[in-house]
Amino acid sequence: MKIDPSSSADLSAQIATAIRDAIIAGDLIVDARLPSEAELAEQFDVSRPTVREALKRLAAQSLIRTQRGAFGGAFVNRLSFEDAYSQQITTSTLLLSMNSVSFDTACEARFALERACAPLSAERRSADHLATMRAEIHRQSQPGLTDEAFCASDVAFHRAFVDGAGNPVLSYQLAGAVEAMQPLMNMITFTARSREAIVALHTQITDAIENQKGAMAAQGLTELEAYTKDLAQSVLAARARHAKTEPQAPQ
């Protein structure tokens, strides 16, 4: 593991990258104990506080864990898909917001990925997945439900649908699509959408999954995508018209 002292990059970031690369390459295996702070400081020719900062970066990424006591120290962690969900969601949210991805582009990607889960979810879903989907449909039907709670329920419904595919890689990849894209879509469409229409489509999808009919579930997602895009177009067009008629502030 090496760093470049002449580089303008932060030394602690370089050390964290070097250790992360060693973990990815398999040079440091799961549960392996890292050298002590003093040993790492000597190896990288830096101060112990710099090493400590690097270890904090790795711990924040769930790549290492620390233990106290006589047999303590920093150990390579076994990163689970669940541990990585939040990072995937955060990264996806930042990418969408910072790069001005169009609504249609985000919608297209998200539903294309979900449709890929339809046949697997129809085949593998558990009773718990179905129960969650039914519970969220019931929640979405409640007249007093706030817009924020409806949006959260919408995300939970699609999360259960995706997890029903029984594939942790798909669940991880779709964490960003569902839990980052869906709230952004909801922010645009929540004022115009018909909750009854969405509940009907969610029910159609759930019935298909329960009856192990993946193609019908995919068709329901296609209809939901078309409905969502049409809503967004009408909302954005209305906003554009409103902006044109809005009185201009004096110069």
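Criteria and cut-off values
Residues numbered from 1 in each chain as written. Predicted model: local features only at pLDDT ≥ 70, side-chain atom pairs only at ≥ 80, totals over all residues. Heavy atoms only, no water. Helix = DSSP H or I, 4+ residues; strand = E, 2+ residues; numbered from the N terminus. Rg over C-alpha atoms; globule rule 2.2 N^0.38 Å. Buried < 20%, exposed > 50% of the residue type's maximum accessible area, 1.4 Å probe, protein only. Contact = heavy atoms within 4.5 Å. Areas by Shrake-Rupley, 256 points an atom, 1.4 Å probe, with all protein chains shown as cover. Lys, Arg positive; Asp, Glu negative; His and termini not counted. Charge placed at Lys NZ, Arg CZ, Asp CG, Glu CD. Axes fitted to C-alpha atoms, helices over the stretch in contact; angles between N-to-C directions. Parallel < 35°, antiparallel > 145°, perpendicular 65-115°, else oblique. Left-handed = near helix turned anticlockwise from the far one by under 90°. Nonpolar A, V, L, I, M, F, W, Y, C, P; charged D, E, K, R; others polar. Core = buried A, V, L, I, M, F, W, Y, C linked by side-chain atoms within 4.5 Å.

Our focus in this paragraph is the overall build of the chain. Each helix and strand in the chain was counted, giving ten helices and two strands. Order of helices (α) and strands (β) in the chain, N terminus to C terminus: α-α-α-β-β-α-α-α-α-α-α-α. A globule of 251 residues ought to have a C-alpha radius of gyration of about 18 Å, yet the chain, at 24 Å, is considerably larger. Seen through its C-alpha atoms, the chain measures out along the principal axes to roughly 65 × 65 × 30 Å. When each of the 251 residues of the chain is scored for burial, the buried share is 39%. For the chain, contacts bridging at least 24 residues in sequence account for 71% of all contacts bridging at least 6. Total accessible area on the chain is roughly 13,900 Å²; 55% of this is exposed by carbon and sulfur atoms. Measuring between centres, the 24 positive side-chain charges of the chain sit 1 Å from its 30 negative side-chain charges.

Let's shift gears to the packing of helix 6 (residues 127-140) against helix 9 (residues 195-210). A pair of packed helices can be characterised by two numbers: the angle between their axes and the separation between those axes. Look at helix 6 against helix 9: their axes get within 10 Å of each other, and the N-to-C directions meet at 165°. Comparing the axis directions of helix 6 and helix 9 gives the class roughly antiparallel. The handedness of the crossing between helix 6 and helix 9 is left-handed. The residues of helix 9 that touch helix 6, namely those facing L130, M133, R134, I137 and Q140, are R195, V199, H202, T203, I205, T206, D207, I209 and E210. Here the residues of the contact of helix 6 with helix 9 sort into six nonpolar, four polar and four charged.

Quick look at the nonpolar core now. Grouped together as the largest cluster of nonpolar side chains are 33 residues, with contacts concentrated most on C117, M133, F161, V162, I205 and I209. Mapped onto this core, the elements with two or more residues apiece are helix 5 (103-124), helix 6, helix 7 (147-163), helix 8 (168-189), helix 9 and helix 10 (214-245). The greatest single-element share of this core, amounting to seven residues, is contributed by helix 5. With residues near it in sequence (within four places) discarded, C117 still touches F161, V162, A165, L170 and L174. Formed by 22 residues, the second largest nonpolar core is a distinct cluster that contains I15, A22, I23 and L55.

That is the geometry; function is a separate question.
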